[in-house]
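The residues making up each chain are set out below.
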Amino acid sequence: MEHVNDTRRTTPAQWFSWALMVFSPFLLMGLLCLFTGHNVWNSWPVWSNELDCYWVLQNMGVDGAGYNGMYEVIPPVGNQSVLGIAPLVFYGLFVKLFGLSRITIMLSNCLWLSIGSLIFCLVRKPKTQSALMMTLLTLTYAPLGLYLGTSMPEAVNYGLLMLYATFLLHYDETRKPWALALAVIFALIVGVGTALFLA
């Protein structure tokens, strides 16, 4: 993907395409509501990973640690549930700031993707056509459509991978050490975060 980090001014069309890209997770949620005839924001966690993630975050408010175990009993020792500590790392701040409700994880997933897209646009400054293509890809990527309307943590990885790609591409073009350092940090976060989800 080309980079437009030159002396040209950013056009209104480019700003609009960036805004579409940043808000594309919320647009996708709207499309999911439209196509399913169901308010996706009115969903409850039902899959085992959704429930586990939700209970860990709920218990964080109860005991401050987020422990959860078999039969939803807080274990006296052990891990942070089947998902490890990742729900606390990726969603804990949102829960502390806004409280836990049935849409907290879905909203957090959308925000992670929006943050990744925003930083991509600010650092990479994609051309209008590129930003529109990335928006279209976000709106039509089947796994994202399947998981964004749930409390599953997959969408967090997409947002983090967007940050990784941003800084790796920036390093490839500029050879600035800070960009490489950030790319490595986000690669580690994605790798360790995924391992934590699987732990």
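Each remark here, short or long, concerns the structure printed above.
Since the structure is predicted, the reported quantities are computational estimates derived from the model, not experimental observations. (Residues numbered from 1 in each chain as written. Predicted model: local features only at pLDDT ≥ 70, side-chain atom pairs only at ≥ 80, totals over all residues. Heavy atoms only, no water.)

1. Some points on the overall build of the protein
When helices and strands are counted, the protein shows 8 helices and 0 strands. Listed N to C, the secondary structure of the protein is α-α-α-α-α-α-α-α in terms of helices and strands. Per-residue burial for the protein yields a buried fraction of 43% across its 199 residues. Counting every atom, the protein has about 10,600 Å² of accessible surface; 70% of that belongs to carbon and sulfur. (Helix = DSSP H or I, 4+ residues; strand = E, 2+ residues; numbered from the N terminus. Buried < 20%, exposed > 50% of the residue type's maximum accessible area, 1.4 Å probe, protein only. Areas by Shrake-Rupley, 256 points an atom, 1.4 Å probe, with all protein chains shown as cover.)

2. Brief notes about helix H5 (residues 128–140)
Think of an α-helix as turning once every 3.6 residues; residues three or four places apart then point the same way. The terminal C-alpha atoms of H5, which comprises 13 residues, lie 18 Å apart, in line with the 18 Å expected from a rise of 1.5 Å per residue. All of the buried residues along H5 are Thr128, Ser130, Ala131, Met134, Thr135 and Thr138. In this fold, the buried residues of H5 make contact with helix H1 (12–36), helix H4 (104–124), helix H6 (142–147) and helix H7 (154–174). (Expected span 1.5 Å × (residues − 1). Contact = heavy atoms within 4.5 Å.)

3. Some words on H4
The terminal C-alpha atoms of H4, which comprises 21 residues, lie 29 Å apart, in line with the 30 Å expected from a rise of 1.5 Å per residue. With 15 of 21 residues buried, H4 is to be regarded as a mostly interior element. Positive phi appears at lysine 125, one or two residues downstream of H4, with a value of about 50°.

4. Some details on the nonpolar core
In terms of nonpolar packing, the biggest core is built from 20 residues, with Leu57, Phe90, Tyr91, Trp112, Val156 and Leu160 touching the most fellow members. At the level of elements, helix H2 (48–63), helix H3 (86–98), H4, H7 and helix H8 (177–198) are the ones that each hand at least two residues to this core. For this core, the element with the most residues is H3, which contributes 6 residues. In this structure, Met29, Leu32, Cys33 and Leu144 belong to the second largest nonpolar core, which totals 11 residues. (Core = buried A, V, L, I, M, F, W, Y, C linked by side-chain atoms within 4.5 Å.)

5. Some words on the pattern of salt bridges
Enumeration over the complete set of coordinates arrives at 1 salt bridge. When the shortest N-O distance is used, the salt bridge between arginine 124 and glutamate 173 registers 3.7 Å. Placement of arginine 124 in helix H4 and of glutamate 173 in helix H7 is noted, with a sequence separation of 49 residues between them. Given the relative accessible area of 3%, arginine 124 is considered buried. Residue class for glutamate 173 comes out partly exposed when judged on its relative accessible area of 43%. (Salt bridge = Lys/Arg side-chain N within 4 Å of Asp/Glu carboxyl O.)

6. So, the packing of aromatic side chains
Aromatic rings considered in pairs are described by the distance between their centres and by the relative angle of their planes. Enumeration according to the criterion identifies 7 aromatic pairs in this entry. Here phenylalanine 167 and tryptophan 178 contribute two aromatic rings whose centre-to-centre distance is 6.2 Å and whose plane-to-plane angle is 70°, an arrangement assigned as edge-to-face. In this pair, phenylalanine 167 is assigned in helix H7 and tryptophan 178 in helix H8, connecting sequence segments 11 residues apart. Phenylalanine 167 sits in the buried class, given a relative accessible area of 7%. Looking at tryptophan 178, the relative accessible area reads 42%, which means it is partly exposed. Here the aromatic rings of phenylalanine 167 and phenylalanine 186 are separated by 5.9 Å at their centres, their planes lie at 10°, and the arrangement is stacked. Of this pair, phenylalanine 167 sits in helix H7 while phenylalanine 186 sits in helix H8; the two residues are 19 residues apart in sequence, bridging distant segments of the chain. As far as burial versus exposure is concerned, phenylalanine 167 and phenylalanine 186 are alike and both buried. An aromatic cluster is defined as three or more aromatic residues linked by ring pairs; in this entry it consists of Phe90, Phe94 and Trp112. (Phe/Tyr/Trp six-rings, centres within 6.5 Å; stacked < 30°, edge-to-face > 60°.)

7. Some details on the environment of asparagine 49
When you line up the elements, asparagine 49 lands in helix H2. A relative accessible area of 28% places asparagine 49 in the partly exposed class. As for asparagine 49 and methionine 152, which are separated by 103 residues in sequence, their C-alpha atoms are 6.6 Å apart.

8. Describing a nonpolar patch on the surface
Taken together, the side chains of Leu168, Leu180, Val184, Leu188 and Val192 define a hydrophobic patch exposed on the protein surface, amounting to about 390 Å² of accessible area. Tallying contributions element by element places H8 first for the nonpolar patch, with 4 residues. On the secondary structure map, valine 184 appears in helix H8. (Patch = residues over 30% accessible without salt bridge, like charges linked within 9 Å, V, L, I, M, F, W, Y side chains within 5 Å.)

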